[in-house]
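Coordinate inspection notes
Chain residues, written in single-letter form:
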Amino acid sequence: MSIRVVVADDQELVRSGFTMILQAQQDIEVVAEAGDGAEAVDAVRRHTPDVLLLDIRMPVMDGLEAARRVCAQSGCKVVMLTTFDLDEYVYDALYAGASGFLLKDVRRDDLVHAVRVVAGGDSLLAPTITRRLVADVVRRRREEAVTGTTPDRLDVLTAREVETLRMLARGLSNAEIATTLFVSEHTVKTHVSNVLGKLGLRDRVQAVICAYETGLVTPGAP
């Protein structure tokens, strides 16, 4: 079964370029295009795609508001695309529920890979964005430590679920986690589902943020 995609960008040439790249793949079908955020929300409602490629800066309704509505109203995964590598956009997009965040100069193969990864239930961030995200989370944790405002959110998890969250934050796949814990991938999927459900998280990206915010994982730790 093909991965159904909606491409939303106010620049026709950019939109057409992404569409051509994706349509060339045997396992991907672009079911609609949109030129603004409102059209993107309507296209998702009408075509029920698996993935929405969504530009942040668009007329009528910006991409962030469109992402909030799509993520709240459907199971469609959202990958944000922008030319601006700015922290505020990263946070707004992730907390809106986006599962991926890529810069518009992304390589052809990386774009296709992102669509497949997100459609498969995982999350994806450009490496430069990931580094800045982690650095900012660590900075905010230090500030919170001074004021004593950091909440302990992990008490609801079992020991095995905490370990699963730690491995997620380090970028391990379900298969790698299964090998490390000597359990089946099905068991790992159950642990991941429990972690997301208990902590009220949408996906693995938000799980990574939570792991750093709570101090479960720190940059450079083995």
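The structure we're discussing is the one just above.
From a predicted model like this one, the values you see are computed outputs, not experimental measurements.

Another aspect to go through is the packing of helix 2 (residues 37-47) against helix 3 (residues 63-73). At a minimum axis distance of 9 Å, the contact between helix 2 and helix 3 shows a crossing angle of 15°. On the basis of their axis angle, the class for helix 2 and helix 3 is roughly parallel. Pair helix 2 / helix 3 crosses with right-handed handedness. For the pair helix 2 and helix 3, contact is made by Gly37, Val41, Val44 and Arg45 and by Ala66, Arg69, Val70 and Gln73, respectively. Each residue belonging to the contact of helix 2 with helix 3 can be placed in one class, and the counts come to four nonpolar, two polar and two charged.

Below, the discussion takes up helix 10 (residues 204-213). For helix 10, a buried count of nine out of ten residues is recorded, marking the element as mostly surrounded by other parts of the structure. Phi turns positive one or two residues past the end of helix 10, at Gly215, with a value near 80°.

Bringing the pairing of strand 4 (residues 77-82) into the picture now. Most of strand 4 is tucked away: six of the six residues are buried. The alternating pattern of strand 4 places Lys77, Val79 and Leu81 on one face and Val78, Met80 and Thr82 on the opposite face, and all of these are buried. The sheet contact formed by strand 3 (residues 51-55) and strand 4 spans five bridges and is parallel. Considered in strand 4, the bridge of Val51 is made with Lys77. The parallel pair strand 3 and strand 4, bridged by helix 3, forms a crossover whose chirality is right-handed. The sheet contact formed by strand 4 and strand 5 (residues 100-103) spans four bridges and is parallel. Considered in strand 5, the bridge of Thr82 is made with Leu103.

How each quantity is defined
- Residues numbered from 1 in each chain as written.
- Predicted model: local features only at pLDDT ≥ 70, side-chain atom pairs only at ≥ 80, totals over all residues.
- Heavy atoms only, no water.
- Axes fitted to C-alpha atoms, helices over the stretch in contact; angles between N-to-C directions.
- Helix = DSSP H or I, 4+ residues; strand = E, 2+ residues; numbered from the N terminus.
- Parallel < 35°, antiparallel > 145°, perpendicular 65-115°, else oblique.
- Left-handed = near helix turned anticlockwise from the far one by under 90°.
- Contact = heavy atoms within 4.5 Å.
- Nonpolar A, V, L, I, M, F, W, Y, C, P; charged D, E, K, R; others polar.
- Buried < 20%, exposed > 50% of the residue type's maximum accessible area, 1.4 Å probe, protein only.
- Pairing = 2+ DSSP bridges.
- Right-handed = clockwise from strand over helix to strand, strands pointing away.

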